[in-house]
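The chain contents come next:
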Amino acid sequence: MITRTLGNIATMCGGELLASEAGAADTKIVGVVTDSRKITSACLFVPLVGDNFDGHHYSAAALAAGAASTLWQRDKGPAPEGSVIVVEDTLTALQKLSAAYLKEIAPHVVAITGSNGKTTTKDIVTAILQGQYKVHKTQGNFNNHIGLPLTILAMAEDTEIVVLEMGMSSRGEIALLASLAAPDVAVITNVGESHLLQLGSREEIARAKLEIAEGLKPGGLLIYNGDEPLLAEIMLEPSFRAPEGMQTFRFGLNADNDDYPTGMMSHSGGMTFTSHLHEEHAFTLPLPGRHNVINGLAALAVARQFGVAEESIEVGLSTLKLTGMRIEVMQTASGLTLLNDAYNASPTSMKAAIDVLQSMKCSGSKIAVLGDMLELGPEEVQFHQGIGNYLDPAEIDLVFTYGVLASNIAASAEQRFGKERVFAFTDKAALTTLLLNKCKSKDIVLFKASRGMKLEEVLNNLNNHYHHQT
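Residues numbered from 1 in each chain as written. Predicted model: local features only at pLDDT ≥ 70, side-chain atom pairs only at ≥ 80, totals over all residues. Heavy atoms only, no water.

## Re the overall build of the chain
Link 1 in the chain: Looking only at helices and strands, the chain has 16 helices and 22 strands in total.
Link 2 in the chain: For 470 residues, the compact-globule estimate of 2.2 N^0.38 gives 23 Å, and the C-alpha radius of gyration of the chain, at 24 Å, lies within 12% of that figure.
Link 3 in the chain: In terms of its C-alpha atoms, the chain occupies a principal-axis envelope of roughly 75 × 50 × 45 Å.
Link 4 in the chain: Within the span of the chain, comprising 470 residues, buried residues form 54% of the whole.
Link 5 in the chain: By sequence separation, contacts in the chain at least 24 residues apart represent 67% of the contacts at least 6 residues apart.
Link 6 in the chain: Carbon and sulfur atoms provide 50% of the accessible area of the chain, an area that totals close to 19,600 Å².
Link 7 in the chain: Computing the positive centroid from 36 side-chain charges and the negative centroid from 52, the chain places the two 4 Å apart. (Helix = DSSP H or I, 4+ residues; strand = E, 2+ residues; numbered from the N terminus. Rg over C-alpha atoms; globule rule 2.2 N^0.38 Å. Buried < 20%, exposed > 50% of the residue type's maximum accessible area, 1.4 Å probe, protein only. Contact = heavy atoms within 4.5 Å. Areas by Shrake-Rupley, 256 points an atom, 1.4 Å probe, with all protein chains shown as cover. Lys, Arg positive; Asp, Glu negative; His and termini not counted. Charge placed at Lys NZ, Arg CZ, Asp CG, Glu CD.)

## Concerning the nonpolar core
Link 1 in the chain: In terms of nonpolar packing, the biggest core is built from 54 residues, with Val32, Leu97, Leu210 and Leu222 touching the most fellow members.
Link 2 in the chain: With near-sequence residues (within four places) excluded, Val32 lies in contact with Ile2, Leu44, Val46, Leu94, Leu97, Leu150 and Leu153.
Link 3 in the chain: By size, the runner-up hydrophobic cluster in this structure holds 35 residues, among which are Val125, Ile128, Leu300 and Leu320. (Core = buried A, V, L, I, M, F, W, Y, C linked by side-chain atoms within 4.5 Å.)

## A word on the sheet that holds strand 17 (residues 328-331)
Link 1 in the chain: Read from one edge of the open sheet, six strands run 17-18-22-19-20-21, paired in mixed fashion. Looking at strand neighbours, the two that pair on one side only are strand 17 and strand 21 (422-425), the edges of this open sheet. This sheet shows a mean twist of 15° between the axes of neighbouring strands, independent of strand direction.
Link 2 in the chain: Relative to strand 21, strand 20 (residues 398-402) runs parallel, the two being bridged by four bridges. Counterpart to Val399 in the pairing with strand 21 is Val422.
Link 3 in the chain: Against the sheet, helix 15 (residues 428-438) engages strand 19 (366-371), strand 20, strand 21 and strand 22 (444-448), with an angle of about 165° to strand 20. (Pairing = 2+ DSSP bridges. Axes fitted to C-alpha atoms, helices over the stretch in contact; angles between N-to-C directions.)

## Some thoughts on unusual backbone geometry
Link 1 in the chain: For Ala106, which is not a glycine, the phi torsion comes out positive at approximately 55°.
Link 2 in the chain: You can see Ala106 is positioned in the loop between helix 3 (90-105) and strand 8 (108-113).

## Some points on the packing of helix 3 against helix 6 (residues 173-181)
When two helices pack together, their arrangement is captured by the angle between the axes and the distance separating the axes.
Link 1 in the chain: Interhelical geometry of helix 3 versus helix 6 gives an angle of 40° and a closest axis separation of 8 Å. As the angle between them shows, helix 3 and helix 6 are arranged oblique. Of helix 6, the residues touching helix 3 (which contributes Gln95, Ala99 and Leu102) are Leu176, Leu180 and Ala181.
Link 2 in the chain: Classifying every residue of the contact of helix 3 with helix 6 by side-chain character gives five nonpolar, one polar and no charged. (Parallel < 35°, antiparallel > 145°, perpendicular 65-115°, else oblique. Nonpolar A, V, L, I, M, F, W, Y, C, P; charged D, E, K, R; others polar.)

## Quick look at the pattern of salt bridges
Two side chains with opposite charge may pair up if their charged atoms get near one another.
Link 1 in the chain: In total, this model carries 22 salt bridges according to the counting rule given.
Link 2 in the chain: Across the pair Lys122 and Glu165 runs a salt bridge whose closest N-O atoms are separated by 3.5 Å. Here Glu165 lies in strand 10 (residues 161-165) and Lys122 lies in helix 4 (residues 118-129), a separation of 43 residues in the sequence. Assigned by exposure class, Lys122 and Glu165 land together as buried.
Link 3 in the chain: Of the charged contacts in the structure, one is a salt bridge between Arg207 and Glu237, with a shortest N-O distance of 2.9 Å. Within this pair, whereas Arg207 is found in helix 8 (residues 202-214), its partner Glu237 is found in the loop between helix 9 (229-235) and strand 13 (247-251), the two being separated by 30 residues in sequence. (Salt bridge = Lys/Arg side-chain N within 4 Å of Asp/Glu carboxyl O.)

## What to know about the side chain of His136
Link 1 in the chain: Structurally, the position occupied by His136 is in strand 9 (residues 135-137).
Link 2 in the chain: Separated by 2.8 Å, the side chain of His136 and the backbone oxygen of Thr151 make a polar contact.
Link 3 in the chain: Setting aside its immediate chain neighbours within four residues, His136 contacts Thr151, Ala154, Met155, Thr159, Ile161, Val162 and Val163. (Polar contact = N/O pair within 3.5 Å; in protein donor to acceptor, adjacent residues only side chain to side chain.)

## Quick notes on the state of the cysteines
Link 1 in the chain: Using the criterion set out here, one finds zero disulfides in the structure.
Link 2 in the chain: With no disulfide of its own, Cys43 lies 14 Å from the sulfur of Cys13, the closest cysteine sulfur. (Disulfide = S-S within 2.5 Å.)

## A closer look at the environment of Leu357
Link 1 in the chain: Considering the arrangement of structural elements, one finds Leu357 in helix 12 (residues 347-359).
Link 2 in the chain: A residue is classified by how much of its surface remains accessible, and Leu357, at 0% relative accessible area, is buried.
Link 3 in the chain: For Leu357 and Ala368, which are 11 residues apart along the polypeptide, the C-alpha to C-alpha distance reads 7.9 Å.
Link 4 in the chain: Apart from residues lying up to four places away in sequence, Leu357 is in contact with Leu339, Lys366, Ile367, Ala368, Ile396, Ile444 and Leu446.

## Here's the deal with the pairing of strand 10
Link 1 in the chain: Counting buried residues along strand 10, five of its five residues qualify, which places the element largely inside the surrounding structure.
Link 2 in the chain: Covered by surrounding structure in strand 10 are Ile161, Val163 and Glu165 together with Val162 and Leu164, the residues of both alternating faces.
Link 3 in the chain: Bridge count between strand 8 and strand 10: five bridges; the pairing is parallel. Residue pairing across strands places His108 opposite Ile161, the latter belonging to strand 10.
Link 4 in the chain: For strand 9 and strand 10, the ladder comprises three bridges, and the chain directions are parallel. Pairing of His136 across the sheet is with Val162, part of strand 10.
Link 5 in the chain: The β-α-β motif built from strand 9, the intervening helix 5 (residues 147-153) and the parallel element strand 10 has right-handed crossover chirality. (Right-handed = clockwise from strand over helix to strand, strands pointing away.)

## What to know about the sheet that holds strand 2 (residues 16-18)
Link 1 in the chain: An order of 2-7-6-5-4 is seen for the five strands of this open sheet, with the pairing classed as mixed. Looking at strand neighbours, the two that pair on one side only are strand 2 and strand 4 (32-33), the edges of this open sheet.
Link 2 in the chain: In this sheet, strand 7 (residues 84-87) lies alongside strand 6 (residues 69-73) in parallel orientation, the contact comprising four bridges. The residue of strand 7 that forms the bridge with Gln73 is Val87.
Link 3 in the chain: Across the sheet, helix 3 is in contact with strand 4, strand 5 (44-45), strand 6 and strand 7; its angle to strand 6 comes to roughly 130°.

## As for the packing of aromatic side chains
In this description, an aromatic ring pair is defined by two values, namely the gap between the centres and the angle between the planes.
Link 1 in the chain: A complete count under the given rule lists four aromatic pairs for this structure.
Link 2 in the chain: Judged by centre distance (6.0 Å) and plane angle (45°), the rings of Phe273 and Phe283 are tilted. Of this pair, Phe273 sits in strand 15 (residues 270-275) while Phe283 sits in strand 16 (residues 278-285); the two residues are 10 residues apart in sequence, bridging distant segments of the chain. The same class applies to Phe273 as to Phe283, namely buried.
Link 3 in the chain: Members of the aromatic cluster, joined through ring pairs, are Phe400, Phe423 and Phe425. (Phe/Tyr/Trp six-rings, centres within 6.5 Å; stacked < 30°, edge-to-face > 60°.)

Structural measurements only, silent on function.
Rendered as structure tokens:
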């Protein structure tokens, strides 16, 4: 993590150091904290301001708890006693500090965005690279205008490559993050329907994702999903500003991409695949689903850019550790298999999760538990109906839905599954009770919904119930 003198920090973030003690500028700062409940010794406390909170109220307490200094926004009145760095805006100062630290450490930067798959791709890229490089990656979901600077500031001095996930909900957000990070390599996993409510069309979503390319260093590499024609179309628009000498690489299922799968096999250990550029070497990805092979192709393209050998890639994939709730396979003591993909949902990612369930071999029943997909805009009902039509009654035995919007999934599915195989709920306890009654030891149960539905609560109840069953 960042370790600098207080004087250095003030210069890097564009602030003015106020200190009552002589020599305060030489005080060592170790790390940056924005949550006053998590103060560490000698850290810098950054009080952020939100709609319903103001961190400045806790600056004095942070100093008393062991923080070496606090930022202080000039318009907040008199600063507390102690070492204080006065800035015009604390969030902007945090971002400036991270950009300055990144420039000083000067690792290679890989930036990843996309409607779906960006976190999984980040994890795959990191696993592949860390066999040959010292790698630092975004932890959890720290992928916004606050999380990305904190990720950078947590980076060790000897980091060689930093892998940064970039999220967004509106135009301009990716542009800001890319301007802070100045990536050498940018990856766009896909363009889905997430944030249609805010952006209005898939074209606008694609434009928002392509902001990552505009932040590339001159000569940087853009790796993007070539199966999505919108990306190539928008790069031809006059408003798209490609950096000088930008290189491109396309991956996807279609054979007109620079790399594409030439063979895929699903098995209990995940997916084994070969690709156009790796015909002689089969890689095993410990994740289910064809969509994860596509994420893997994006990661392979990053690995090639940094000269990672195929043997090292294979070892890296075997050590892959995923951020939570992205088709996490959970096996209960009784033999029931739970597929936890309840972190987020869009029509694209829900169809991918359904594909995984439908492709799995099972001696019991295959059960889909699907919740509301949120923030889809005025066509949200039609999107849910489309999921109901996508479910295959020859591959899935039972369908459970949770939520008002998801009831449209049930209504569409019922037309082909019949009423006896489809169950719609708006009560989580009632859903749990019927699932406990219907599930048997050899079944596979998929849970998929937007995060706001908290569908993992139902999964956890099943897991706890069956954990002791044999």
